[in-house]
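Structural characterization, general
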Amino acid sequence: MATNATRESVAKNALVIAREAAGRFAQHKELCKKFIQGFEAARHTQPDFKFGRRKYKALLQRAANHHVETIAVDLNDVEAFLSHEIQDPDPMLLESLQVPKVQLQQSIELMISDIEENALRYMKYFYEACDAELPERDANFNPQSSALARDAVHQWRERQLAQQSGGQPPAAAIPVRLKNNFDVRFKPRDAAKVLKMRELSAGKVGALVKLDCIVARVSQVKPKVEVVTYHCEVCGAEIFQSVESERYTPPKECPSQRCRDNKQAGKLRHNIRTCKFVKYQEMRVQEMSSHVPVGGVPRSINVVLSGDLTRTVLPGDAITVTGVYTPYQLPWFLARANGTEQQMYIDAHSVTKHKSGYNDKDQDAQATMRKVGEAWQKGNLYENCAKSIAPEIFGHLDVKKALLLVLIGAFKKQMSDGMKIRGDIHCLMMGDPGVAKSQLLKQVVNIAPRSVYTTGKGSSGVGLTASVVRDPMTSEVSLEGGALVLADMGICCIDEFDKMEEGDRTAIHEVMEQQSVSIAKAGITTTLNTRTTVLAAANPLYGRYNPYKSPVENIDLPAALLSRFDLLFLLLDTVDNDKDRQLAIHVCKVHSNYDKQEKRVVDDKLGGEDAPVGSDDTDVLNLGFKAFDANFMRTYIRKAKSYEPMIDDQLQKSIVDAYVSMRDDEKRGDIDSRKSYTTPRTLLAILRLSQAHARARFSEKVEQQDFDEAMRLLKASKESVELSAPAKRGANPLDLVYDIISDLSRRDSVQAADGWVDMAHIVSMAGHKALSREMVIEAIENWESLSVLCQNPERTLVKFIVPPA
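A few points on the structure. (Residues numbered from 1 in each chain as written. Predicted model: local features only at pLDDT ≥ 70, side-chain atom pairs only at ≥ 80, totals over all residues. Heavy atoms only, no water.)

1. Describing the packing of aromatic side chains
Under the counting rule described, the total for this entry stands at 17 aromatic pairs. Arranged with centres 5.5 Å apart and planes meeting at 80 degrees, the rings of Tyr-122 and Tyr-125 form a pair that is edge-to-face. Of this pair, Tyr-122 and Tyr-125 are both found in helix H7 (residues 119-133), three residues apart, which corresponds to roughly one turn of the helix. A residue is classified by how much of its surface remains accessible, and Tyr-122, at 0% relative accessible area, is buried. (Phe/Tyr/Trp six-rings, centres within 6.5 Å; stacked < 30°, edge-to-face > 60°. Helix = DSSP H or I, 4+ residues; strand = E, 2+ residues; numbered from the N terminus. Buried < 20%, exposed > 50% of the residue type's maximum accessible area, 1.4 Å probe, protein only.)

2. Topic: the sheet that holds strand E20 (residues 533-538)
Taken together, five strands build an open sheet; the order of strands is E14-E17-E20-E13-E21 and the sheet is parallel. If you trace the sheet from one side to the other, it starts and ends with strand E14 (451-455) and strand E21 (567-571), each paired once. Across the sheet, the mean angle separating the axes of adjacent strands is 15 degrees when strand polarity is ignored. Bridge count for strand E13 (residues 427-431) against E20 is four bridges, and the pairing is parallel. Bridging across to E20, Met-429 finds its partner in Ala-537. (Pairing = 2+ DSSP bridges. Axes fitted to C-alpha atoms, helices over the stretch in contact; angles between N-to-C directions.)

3. Examining the environment of His-154
Position of His-154 among the secondary structure elements: in helix H8 (residues 147-165). In this structure the C-alpha to C-alpha distance between His-154 and Thr-274, which are 120 residues apart in sequence, comes to 8.8 Å.

4. Side note on the pairing of strand E10 (residues 344-353)
Examined bridge by bridge, strand E8 (residues 300-306) and E10 share three bridges and lie parallel to one another. What sits directly across from Val-303, in E10, is Ile-346. Where strand E9 (residues 318-327) lies against E10, nine bridges are found, and the strand directions are antiparallel. Bridge pairing links Thr-326 to Tyr-345 in E10.

5. Some thoughts on the pattern of salt bridges
Taken as a whole and judged by the stated rule, the model has 31 salt bridges. Between Arg-688 and Asp-566 there is a salt bridge; the shortest N-O distance is 2.9 Å. Of the two residues, Arg-688 sits in helix H25 (residues 680-696) while Asp-566 sits in the loop between helix H21 (559-562) and E21, which places them 122 residues apart along the sequence. We classify Arg-688 as buried; its relative accessible area is 3%. (Salt bridge = Lys/Arg side-chain N within 4 Å of Asp/Glu carboxyl O.)

6. Here we look at the nonpolar core
Core analysis: the biggest nonpolar cluster contains 57 residues, and Leu-404 and Tyr-636 have the highest contact counts within it. Per-element tally for this core: the top contributor is helix H14 (residues 397-408), with eight residues. With sequence-adjacent residues up to four places away left out, Tyr-636 is seen in contact with Val-372, Leu-381, Tyr-382, Cys-385, Leu-404, Ile-408, Ala-696 and Phe-698. Counting residues in each nonpolar core, the second largest holds 39 residues, with Leu-60, Met-123, Tyr-125 and Phe-126 among its members. (Core = buried A, V, L, I, M, F, W, Y, C linked by side-chain atoms within 4.5 Å. Contact = heavy atoms within 4.5 Å.)

7. Looking at helix H23 (residues 630-640)
In terms of burial, H23 is a largely internal element, eight of the 11 residues being buried. Those residues of H23 lying buried are Phe-632, Met-633, Arg-634, Thr-635, Tyr-636, Ile-637, Arg-638 and Ala-640.

8. Quick look at unusual backbone geometry
Positive phi is not limited to glycine here, since Arg-311 has a value of about 60 degrees. Inspection of the secondary structure puts Arg-311 in the loop between E8 and E9. On the basis of relative accessibility, which here comes to 60%, the residue Arg-311 falls in the exposed class. Phi angles above zero are rare outside glycine, and Ala-436 is one such case at about 70 degrees. Along the polypeptide, Ala-436 turns up in the loop between E13 and helix H15 (437-447). With a relative accessible area of 23%, Ala-436 lands in the partly exposed category.

What follows is the structure, given as structure tokens:
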């Protein structure tokens, strides 16, 4: 009995609240009209030349001129308007509504919450207000839109209605949705609470909700009918049917007055040409991984996008979506099968991406770009940005520089015959456990605006490329993109790369070089774009690197796959007393006072002025500067990607010599000591790394310093292997310099110069073999004392006294 009494009291209370809210509708409708008519934007905004600071009148003019499709009613503006109205209610409004001033003030106070709790009704009020205030077109009309054809149909319709009514007012009015080309949506307040998907309850039905989620699947954009028009074959009348739900039932007979007077069942013909259609797209969103409780399964819900919101997101994007939480209106046979259970979806009003892409412009882009310019003026921006990637991880500066170049990449080239040369830089980090490979991958995922993180054991071949799925709603067979397709124009990070099955690993061969995935499954034959950078981390074959085995045996990956990686870092956990001591001090500092100092810095920024970029007073890890945040890094990378540096003609000779030297060293060296496979792809890797470094300097031309940095990174990637074991068994600098000069003296250009070899050329070639200039000069002097070589008086040229055989 007590339970029933409680239910009755709750139902009565809800009924009382609903009646009170209904009593405020007339007042709120007038306030909506006044808001659209007279709301003025803040002083710092640019005024309109016709309407001044009247923001929504200017928006309606743009809608009338067919420049915008949506009137976004900002609830922050509504809140500011109501706060002004509640202090001084309009006397004309009080007179027209015939209500006391106190009652109107109470109604104004509750209006913003009523809008958020009953969004669909207030959308209608704002739409009617916008329709009433819609101005005529002016000289700024957009002739590229489809309005001219729509005008012709509208004029024909008005003539038809006038003829049918015989000079009397038409009985069937034209729906406003058919006359207007805009829609009304709400933009949420900044103070609105962002909900988790698990917090959606029955109390939120019909309300405006704001959710953090990840886009899992996006459907195709299709036309959805809003107003259906019919033509009666008997009386010639045009009949309109507004469609509010997912499905509609067409009328069987003509409902016009003429057919009713003649007692005829007029046959209706569907006229598609004069119907009103809107763009419609469905997407499936999933709750954020941080919102899923331990042991829970991520929840998902459908979101409906319409109008200009379509094609704004892609699978894999992290977004904040605002919309109306509402049930599907199912046909009676489906509703009967479901019983009292309702299928819910969100009718989207606003979509905001968490990470703006390199091509997207966020609101504070200009301020961040100014900070990038200030940091570039100070110099050393390439080094500082590399150190800002995971500053809590000690060392690995060359790895971080390589990751920065991976994020920047080179530009893609497409030849006139259709041939494409990729610009993405693929990188593989292979090393001992505990060298922070996975943490570096996570940092790259955090910085890149479009990124996917996956592991080897948790990925299958179709999970990486694409799978064929059947849509349960439409029973259509469609393709669902995997991790590499989701990371198109971004970065795909694959951890535990060595644990992946060999059959699944071969799925990414085509992706890494051709930048596409070819599918021939279930009658679907297509090619999907996967213009993605692959960043992988793996352990050696034996878990740890075995110094008694060759590098090739430790890596244990097929040559066809290894050659596709531009950089292969071998990271060994070598014993070094000084380095180990610095690492331990750094880790202790991170775990002791780093968090507290970071919070204090953030609090200071919130309370006062922003600290200047790169200032030393906010340096808490002794980097020499304040580490840049992810937003700064994205802006820096966006600016670097705007450059397309070309190879300097003077640099071509050095690149060719370096590549020939690398191939020759691999041929002469012992097979067991090989650390990588040098193929023509290696030459392309050198070019890509050089171009990426030139981009990092904001340069339009690849110079010698870019090429030197690319060669240094290629050598540094194998440096830890050289520290763990003697790099070149029995290699003598004297012999290396002799071989270099011998190779150069056989060239036609040198023989034409009577055998003289340029000293600068010898030093450059020796640098690729880790020999300094001093070592080269000392070796040449030794060979000169043995009467094997001689130099010119200026010591800029060298030649053999007796040419070698």
